[in-house]
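# Residue-level structural notes
What follows is each chain in one-letter form.
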Amino acid sequence: MKTRLLFLGPPGAGKGTQAAGLCESHAMKHLSTGDLLRGEVAAGSELGKEAEAVMNRGELVSDALVLAIVESQMKALDGGGWLLDGFPRTVPQAEALEPLLAQLRQPIEAVVLLELDDAVLIERMLSRGRADDNEAVIRNRLEVYREKTAPLIDYYKTLGLLISVPAEGSVDAVTQRIIKALD
Ligand code: AP5
């Protein structure tokens, strides 16, 4: 199975859930910028203080701040597989990732796009109840996704890396679809 991966998709599609399971079963390092940022918020760091209000509004944290986190994490990679979950989220982030990976000589093998209807996304997030999971913020996150992140679909399609996977059904059913698509 391919093991240098990006996960792309709207909020609530199951990126974090699927990434955690696959990284465990296929010995990949799971790098979630959302989790890293929430860790900074919980630790009360300067970076976390800067990010918290932005995240709670459902906006994107600045590219510079996210890139600073990702760069230090990528430099600590050991040559095994990895899965970037929730990053890149904008075209400038994708462009900044390229020289980093070229330097590491670890090109992306596939970009998995998890696709799901808005109604199911919203239902999943509302039943989770994270700080940014109320209806108004969810709608904003979906808008931000369409405006700033969805252009990455064509970006990676053009590079021949995009694999679309339907994200409805049980967690196990989606996992099996992803594994099959990455063979
Ligand atoms: P981030 O943490 O990346 O959140 P997100 O993209 O909005 O995604 P979610 O975590 O909501 O959804 P998911 O697709 O991971 O689904 P999950 O597995 O959790 O980002 C949060 C914020 O951080 C951003 O808004 C932004 O402010 C900032 N940020 C992060 N990265 C950034 C970046 N690169 N640049 C700038 N800012 C950045 O599942 C959702 C729920 O559904 C869970 O409860 C789960 O248990 C459930 N579920 C999952 N799969 C299934 C299934 N098959 N059936 C039923 N329930 C399911």
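Cut-offs applied
- Residues numbered from 1 in each chain as written.
- Predicted model: local features only at pLDDT ≥ 70, side-chain atom pairs only at ≥ 80, totals over all residues.
- Heavy atoms only, no water.
- Helix = DSSP H or I, 4+ residues; strand = E, 2+ residues; numbered from the N terminus.
- Rg over C-alpha atoms; globule rule 2.2 N^0.38 Å.
- Buried < 20%, exposed > 50% of the residue type's maximum accessible area, 1.4 Å probe, protein only.
- Areas by Shrake-Rupley, 256 points an atom, 1.4 Å probe, with all protein chains shown as cover.
- Salt bridge = Lys/Arg side-chain N within 4 Å of Asp/Glu carboxyl O.
- Core = buried A, V, L, I, M, F, W, Y, C linked by side-chain atoms within 4.5 Å.
- Contact = heavy atoms within 4.5 Å.
- Phe/Tyr/Trp six-rings, centres within 6.5 Å; stacked < 30°, edge-to-face > 60°.
- Near = heavy atom within 4 Å.
- Polar contact = N/O pair within 3.5 Å; in protein donor to acceptor, adjacent residues only side chain to side chain.
- Nonpolar A, V, L, I, M, F, W, Y, C, P; charged D, E, K, R; others polar.

Right, let's get into the overall build of the chain. The helix and strand tally for the chain stands at nine helices and five strands. Secondary structure elements of the chain occur, N-terminal to C-terminal, as β-α-β-α-α-α-β-α-β-α-α-α-β-α. For 183 residues, the compact-globule estimate of 2.2 N^0.38 gives 16 Å, and the chain sits close to it at 16 Å. When its C-alpha atoms are laid out on the principal axes, the chain stretches across 40 × 40 × 30 Å. Residues counted as buried form 45% of the 183 residues belonging to the chain. For the chain, the computed accessible surface area is about 9,100 Å², with 51% contributed by carbon and sulfur atoms.

Once that is clear, we can look at the pattern of salt bridges. With the rule as written, the count across this model stands at 10 salt bridges. Here Arg-130 and Asp-132 are joined by a salt bridge, their closest N and O atoms 2.9 Å apart. Residue Asp-132 pairs with Arg-141 through a salt bridge whose shortest N-O separation is 3.8 Å. With a relative accessible area of 9%, Asp-132 lands in the buried category.

Let's shift gears to the nonpolar core. In this structure, Met-74, Leu-97, Ile-108 and Tyr-156 are the most contacted members of the largest nonpolar core, which totals 32 residues. Within the residue set of this core, elements represented by two or more residues are strand S1 (4-8), helix H3 (46-57), helix H4 (63-75), strand S3 (81-85), helix H5 (91-104), strand S4 (110-115) and helix H8 (151-158). Counting residues per element, this core draws most heavily on H4, which supplies six residues. Contact partners of Met-74, with chain neighbours within four places excluded, come to Leu-31, Leu-84, Leu-97, Leu-100, Leu-101 and Leu-104. By size, the runner-up hydrophobic cluster in this structure holds 23 residues, among which are Ala-13, Ala-19, Leu-83 and Leu-182.

Further remarks concern the packing of aromatic side chains. Within this structure, the stated rule accounts for one aromatic pair. Taking 4.9 Å as the distance between ring centres and 75° as the angle between the ring planes, the aromatic pair formed by Tyr-155 and Tyr-156 counts as edge-to-face. For the pair Tyr-155 and Tyr-156, a shared accessibility class is recorded, and that class is buried.

What follows is about the site of the ligand. By nearness alone, 30 residues border the ligand, and Thr-17, Thr-33, Glu-59, Arg-128 and Arg-141 come closest of all. Between the ligand and Gly-12 there is a distance of 2.8 Å, counted from an oxygen atom to a backbone nitrogen or oxygen. Contact between the ligand and Arg-141: an oxygen atom at 2.7 Å from a side-chain N or O atom of the residue. Across the complex, the protein chains shield 86% of the 1,000 Å² of accessible surface that the ligand would expose by itself. Looking at the shell around the ligand, the elements with two or more residues in it are helix H1 (15-25), helix H2 (33-43) and helix H6 (118-128). Grouping the amino acids of the shell around the ligand by side-chain chemistry returns 11 nonpolar, 10 polar and nine charged.

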